[in-house]
Structures are given as C-alpha cells and as structure tokens.
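# Examination of the molecular architecture
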Amino acid sequence: MSSLTRGNFWIIAINSLASFVLAYLFIFYLNHLSFVLTAGMFDYPVTIDFASYFFHIEPYQWTHDAVFVIFSSGYILTFILGLLSLLAFMSLSGEAVPVKIFFFWVVMHSSNFVFGGLLLGNLLTEGIGHVFNWMYLLDTPRMIISITGFFGLLMTALYAARLISISADAYFVKYNEKMSPFFITAQVLVPYLIGSVLIYLYYYPKNMFHEKYGWIILGIMLLIFVLRSRFTDDLLFEEDENRRIRLMRGLVFFTVIVFISSRLILSDGVTLNW
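Keep in mind it's a predicted model, so treat the numbers as computed, not measured. (Residues numbered from 1 in each chain as written. Predicted model: local features only at pLDDT ≥ 70, side-chain atom pairs only at ≥ 80, totals over all residues. Heavy atoms only, no water.)

## Notes on the overall build of the protein chain
Each helix and strand counted, the protein chain has eight helices and five strands in total. Element order for the protein chain, N to C, with α for helix and β for strand: α-β-β-α-α-α-α-β-α-α-β-α-β. Since a compact globule built from 274 residues should have a radius of gyration of about 19 Å, the 20 Å found for the protein chain is in line with a globular shape. Taking the principal axes of the C-alpha coordinates as reference, the protein chain spans close to 65 × 45 × 30 Å. Sorting the 274 residues of the protein chain into buried and exposed places 53% on the buried side. Sequence-distant contacts, at least 24 apart, represent 79% of the contacts inside the protein chain between residues at least 6 apart. Here the protein chain displays about 13900 Å² of accessible surface, and carbon together with sulfur accounts for 69% of that area. (Helix = DSSP H or I, 4+ residues; strand = E, 2+ residues; numbered from the N terminus. Rg over C-alpha atoms; globule rule 2.2 N^0.38 Å. Buried < 20%, exposed > 50% of the residue type's maximum accessible area, 1.4 Å probe, protein only. Contact = heavy atoms within 4.5 Å. Areas by Shrake-Rupley, 256 points an atom, 1.4 Å probe, with all protein chains shown as cover.)

## So, the layout of surface pockets
In this structure, the second largest pocket spans a volume of roughly 240 Å³. Along the walls of the second largest pocket sit 15 residues, with Leu83, Val107, Ser111, Phe115 and Thr156 positioned nearest its centre. For the lining of the second largest pocket, the elements supplying multiple residues, two or more each, are helix 2 (64–91), helix 3 (100–124) and helix 5 (139–167). Across the lining of the second largest pocket, the residue classes tally to nine nonpolar, six polar and no charged. (1 Å grid on protein atoms, 1.4 Å probe; cavity = no way out; pocket = protein on both sides within 12 Å on 5 of 7 lines; lining within 4 Å. Points joined across faces, edges and corners; volume = space filled by probe spheres on them. Nonpolar A, V, L, I, M, F, W, Y, C, P; charged D, E, K, R; others polar.)

## Focus: the environment of proline 191
Examined against the element boundaries, proline 191 turns out to sit in helix 6 (residues 180–203). The spacing of proline 191 and phenylalanine 132 is 59 residues in sequence and 34 Å in space, taken between C-alpha atoms. Dropping the residues within four chain positions of it, proline 191 is found in contact with Ala13, Ser16, Leu17, Phe20, Trp105, Thr185, Ala186 and Ser196.

## What about helix 6?
With 24 residues, helix 6 extends 33 Å from end C-alpha to end C-alpha; this agrees with the ideal 34 Å at 1.5 Å per step. Most pronounced at alanine 186, the bend in helix 6 amounts to some 40°. (Expected span 1.5 Å × (residues − 1). Bend = angle between axes of the 7 residues up to and from the residue.)

## Comments concerning the packing of helix 1 (residues 6–41) against helix 2
Following both chains from N to C, one finds helix 1 and helix 2 inclined at 140°, their axes separated by 8 Å at the closest point. Between helix 1 and helix 2, the interaxial angle falls into the category oblique. Pair helix 1 / helix 2 crosses with right-handed handedness. Contacts between helix 1 and helix 2 pair Phe26, Ile27, Leu30, Asn31, Ser34, Phe35, Thr38, Ala39 and Met41 from the former with Val69, Ile70, Phe71, Ser73, Gly74, Tyr75, Leu77, Thr78 and Leu81 from the latter. (Axes fitted to C-alpha atoms, helices over the stretch in contact; angles between N-to-C directions. Parallel < 35°, antiparallel > 145°, perpendicular 65-115°, else oblique. Left-handed = near helix turned anticlockwise from the far one by under 90°.)

## A closer look at the pattern of salt bridges
A side chain of one charge can pair with a side chain of the opposite charge if their charged atoms are brought near each other. As enumerated under the stated definition, the model contains two salt bridges in all. As a salt-bridge pair, lysine 206 and aspartate 49 come within 2.2 Å of each other at their nearest N and O atoms. Of the two residues, lysine 206 sits in the loop between helix 6 and helix 7 (209–229) while aspartate 49 sits in the loop between strand 1 (46–48) and strand 2 (53–55), which places them 157 residues apart along the sequence. For aspartate 49, a relative accessible area of 7% translates into the label buried. (Salt bridge = Lys/Arg side-chain N within 4 Å of Asp/Glu carboxyl O.)

## Some words on the confidence of the model for the protein chain
Looking at the protein chain, pLDDT values average 87 and 92% of them are 70 or higher. Mean pLDDT values for the elements of the protein chain range from 68 in strand 4 (residues 235–236) up to 96 in helix 8 (residues 249–265). (pLDDT = per-residue confidence, 0-100.)

Here it is in structure tokens:
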C-alpha cells in the first residue's frame, strides 16, 4: 500500500474538493438561469446576484402559473442534471479518469437540492415550498411530499457508497476494506468539510435557504454513506497504464477562477427587464 501516502491523500482530496465546489456552483447558477428564463416568460423584471434573486413586481401580479413555473423549473432541471451526471459517472466506470468525481458530486448536490428541497421546503415554505403553498395542499399530501424527499435522500446516501468504491479505479488497481478509510476520507470527508466552509464564505453574508441548511442534510447523507461503505465488497480493476494519482490542475484552476470571478462580477447584482 505504498500509494497510500500523505502526498497522494492531498492530491485526491484537492481533486475532489475542486469538484465539490464547482458542482455546487454549477447547480446554483443553473437555478439562477431558470429564474431568469422563466421570469422572462411572464415579463417579470428580476435581479440576480451571487447569492439571491429578487422579482420587481407587486404581490398581486403573481399568478398560480407563474409561481409554479418559476419556483419548480430549477428543481426539475436539477433533477434531470443529476440523472445525466449519474449516467456520465457510470459510463466512465473502468476508465482511469479522476474527473468522474465531479459527476459524483453533481449527483450528491442535485439529490440534496431536489429531495432536501422537498423535505425542508415543504416544512419551511421556502424554495419549492412556495409552489406547495399556492397549491393549498392539505397536511396529508404535504406529509407524503416530505416522506418522498426523505427517502430520496436516504436512497442516494445508500447508493453513494457504491459510486465512491467504483471511483477508486481512477487512482488504484483495487479497492478493499484496508484502504477504505484512507480513500473515503480523502475523496469524501475532507472535501465535504472544507468545501462546506468555502461555500458558506462564498455566499456570506447572504446565505439563503439551501446554503443555510443544505450542508446539514449533506452531512447526514455522508454519515449514512460512511456507515454503509463498511459493507462494500472488495473490487479489482483492470490494468490501465494511464492510472496514476495526479492533480487535475486544469479543473482546480478553473474552479478557482469561477469561484472568484463569479463572486466579484455578481457582487452588485444584475437586473434584467423583460
């Protein structure tokens, strides 16, 4: 196990950390884009910045159709993105390419956003909870929606252990119980801890619904994932001359540029009048 060194640990962790942050920002700005496009459908002027959005209309101008389309479109797009990322991850199974961890984090953040939104948004009337409020749902449908969100998060957490063990083929020839703590800590736990702090700082002081509570839900998902990972079968991967532990400099550099530039460019907000 000579490859389980401190240097290799931090290479894996940095690759995953960059993927964690980039995946989160990608999903966040996908939702921002959905607000802009759907607001345009109803001729609603909207201002977006690095953390929030604001519609420049009077309360009486809201309609059922507008609320449903504007506040649900982002969740639908994110759910589709999560499915496509899962397919992309599985298509790279067997390939010695570290970038597959980016698709893993897109799956995790998408699940957290969609199913966490169903669970907490329904209870706290935030996010997609606006749609449920305008639908005047009774307690029973609301409970069913919350349960759906809970089981969606649970199933993702349970399945994530399998995805992480598969992702080990980007760096190692085999994956077993002995190397599991090293790899899971570098690939998942350290990126989650550092990445959550970076995401919080990115949105500070305007942390909104998902930025306030999303890290808690993701942390619980990863706790379930870690407990589940102890029962993952040992894996032996095909030999690949391209397999080596290397820093994804391009991805890391791109993530840093996106992180800094988007925060600065959108710090004052952009208003779109339709």
